Amino acid sequence: MRSVVRRSALLFLKLMKRNDIPEFSVLPKHIGIIMDGNGRWAKKRGLPRYEGHIEGAKTFRRIGEFAADIGIKYLTFYAFSTENWKRPKEEVDAIMQIFREYLLEADDRKKENEEKGISLRFIGERKGMPADLLELMENTEKQSRDKSNVILNIAVNYGGRHEITQSVKEIARKAVKGEISVDEIDEDMISKSLYTGGIPDPDLIIRPSGEYRISNFLTWQSAYSEFWFTDVLWPDFSEEDLIAALREFEKRNRRFGGV
Ligand code: FPP
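Residues numbered from 1 in each chain as written. Predicted model: local features only at pLDDT ≥ 70, side-chain atom pairs only at ≥ 80, totals over all residues. Heavy atoms only, no water.

## Points about the side chain of Asn38
Structurally, the position occupied by Asn38 is in helix H2 (residues 38–44). Of note is the side chain of Asn38, whose polar atom sits 3.0 Å from the side chain of His53. With residues up to four places along the chain from it excluded, the contact list for Asn38 reads Arg49, Gly52, His53, Gly56, Trp234 and Pro235. (Helix = DSSP H or I, 4+ residues; strand = E, 2+ residues; numbered from the N terminus. Polar contact = N/O pair within 3.5 Å; in protein donor to acceptor, adjacent residues only side chain to side chain. Contact = heavy atoms within 4.5 Å.)

Written out as structure tokens, the structure reads:
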């Protein structure tokens, strides 16, 4: 009996929540988000930079869930670039620790991701990542492998140029071995060999914190992406900001080079 009451209460809450989800005439299939401004958020408050990353990780979870509720099928969050290793060791260690803790919250996250049918994936160079984190990443991917409502990519140790270079090497090796001919190499083959192979290119890329650049994020994949910028720092990025980006996206006239 108690479980029936609990189930009805949960269903009620779910329906209530669904009513809060806005409708859009057109939605991007894939959104890429550059989580920028954590350091400045912390500095403004006289806090160490890592506090900004802790807050940024909370925003990542909140916005990821909200985007999934809205019906976005593919999400890619830029968490750590191949260039971010240049930061002070304490900051790099703190970011890795936040990431570790997120992956260790297995039960909570699994439940939440299972309910929403979220499959977690990681894109980026695995070499160079701490071994324990690698194992956690692989286990997380395995656990959520068959979920298919939403694919949530976290870009860690990711660099767009590095990704393209890896892809070129892989294709060149095949050509040298005679498995493919040089003339067979086309855009489709390159797309498929990237970390995002099989996932549609991002329709919309969001960058907060008042910076107007791509910073080596989804370099190949963003050829025809729409961009949306805001001065809001990532830890302060709200559901309303995502809605504003999506409202703007509704108005964009995408021509992909046509007329
Ligand atoms: C860029 O802001 C942010 C990063 C390099 C780290 C982002 C990492 C997280 C949000 C944590 C990720 C955790 C999970 C679980 C995915 P910045 O430090 O460059 O900000 P600034 O430009 O204001 O200095």
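## Topic: the nonpolar core
Side chains that are nonpolar tend, in soluble globular proteins, to be buried together. Formed by 42 residues in total, the largest nonpolar core has its most connected members in Ile31, Phe77, Phe99, Ile154, Ile206 and Leu242. The residues contacting Phe77, other than those within four sequence positions of it, are Ile33, Met35, Phe60, Ile63, Gly64, Leu152, Asn153, Ile154, Ala155 and Trp234. Counting eight residues, the second-largest nonpolar core is a separate cluster that includes Ile34, Ile123, Tyr158 and Ile205. (Core = buried A, V, L, I, M, F, W, Y, C linked by side-chain atoms within 4.5 Å. Buried < 20%, exposed > 50% of the residue type's maximum accessible area, 1.4 Å probe, protein only.)

## Comments concerning the site of the ligand
Residues in close proximity to the ligand total 17 residues, the closest being Gly39, Arg40, Arg49, His53 and Arg87. Contact between the ligand and Arg49: an oxygen atom at 2.9 Å from a side-chain N or O atom of the residue. With respect to the detected pockets, the ligand is housed in the largest pocket. Taken together, the elements giving at least two residues each to the shell around the ligand come down to H2, helix H3 (49–70) and helix H4 (89–104). In terms of residue class, the shell around the ligand is made up of seven nonpolar, six polar and four charged. (Near = heavy atom within 4 Å. 1 Å grid on protein atoms, 1.4 Å probe; cavity = no way out; pocket = protein on both sides within 12 Å on 5 of 7 lines; lining within 4 Å. Sits in = over half its atoms within 2 Å of the grid points. Nonpolar A, V, L, I, M, F, W, Y, C, P; charged D, E, K, R; others polar.)

## Concerning the packing of aromatic side chains
All chains considered together, the criterion is met by 13 aromatic pairs. Ring centres of Phe99 and Phe122 lie 5.9 Å apart, and the angle between their planes is 80 degrees; this geometry places the pair in the edge-to-face category. With Phe99 in helix H4 and Phe122 in strand S3 (residues 118–123), this pair connects stretches of sequence that are 23 residues apart. Among the residues examined, Phe99 registers a relative accessible area of 9% and is labelled buried. Classification of Phe122 as buried rests on a relative accessible area of 6%. (Phe/Tyr/Trp six-rings, centres within 6.5 Å; stacked < 30°, edge-to-face > 60°.)

## Some words on the environment of Gly64
Structurally, Gly64 can be placed in helix H3. As a C-alpha pair, Gly64 and Asn153 span 89 residues in sequence and 10 Å in three-dimensional space. Sequence-distant contacts of Gly64, defined by excluding residues within four places in its chain, comprise Thr59, Leu75 and Phe77.

## Overview of empty space enclosed by the protein
Evaluated as defined, the whole model comprises two cavities of 30 Å³ or more. Quantified by volume, the largest cavity comes out at close to 70 Å³. Lining of the largest cavity is provided by Arg109, Lys110, Asn113, Glu114, Ile118, Leu120, Thr140, Gln143, Ser144 and Lys147. Secondary-structure elements contributing two or more residues to the lining of the largest cavity are helix H5 (106–116), S3 and helix H6 (131–143). It is H5 that provides the largest number of residues to the lining of the largest cavity, a total of four residues. Residues belonging to the lining of the largest cavity are distributed by class as follows: two nonpolar, four polar and four charged. Considered as a void within the structure, the second largest cavity measures approximately 60 Å³ in volume. Around the second largest cavity, the lining residues are Phe60, Arg61, Gly64, Glu65, Tyr102, Glu112, Asn113, Ile118, Leu120 and Leu152. (Points joined across faces, edges and corners; volume = space filled by probe spheres on them.)

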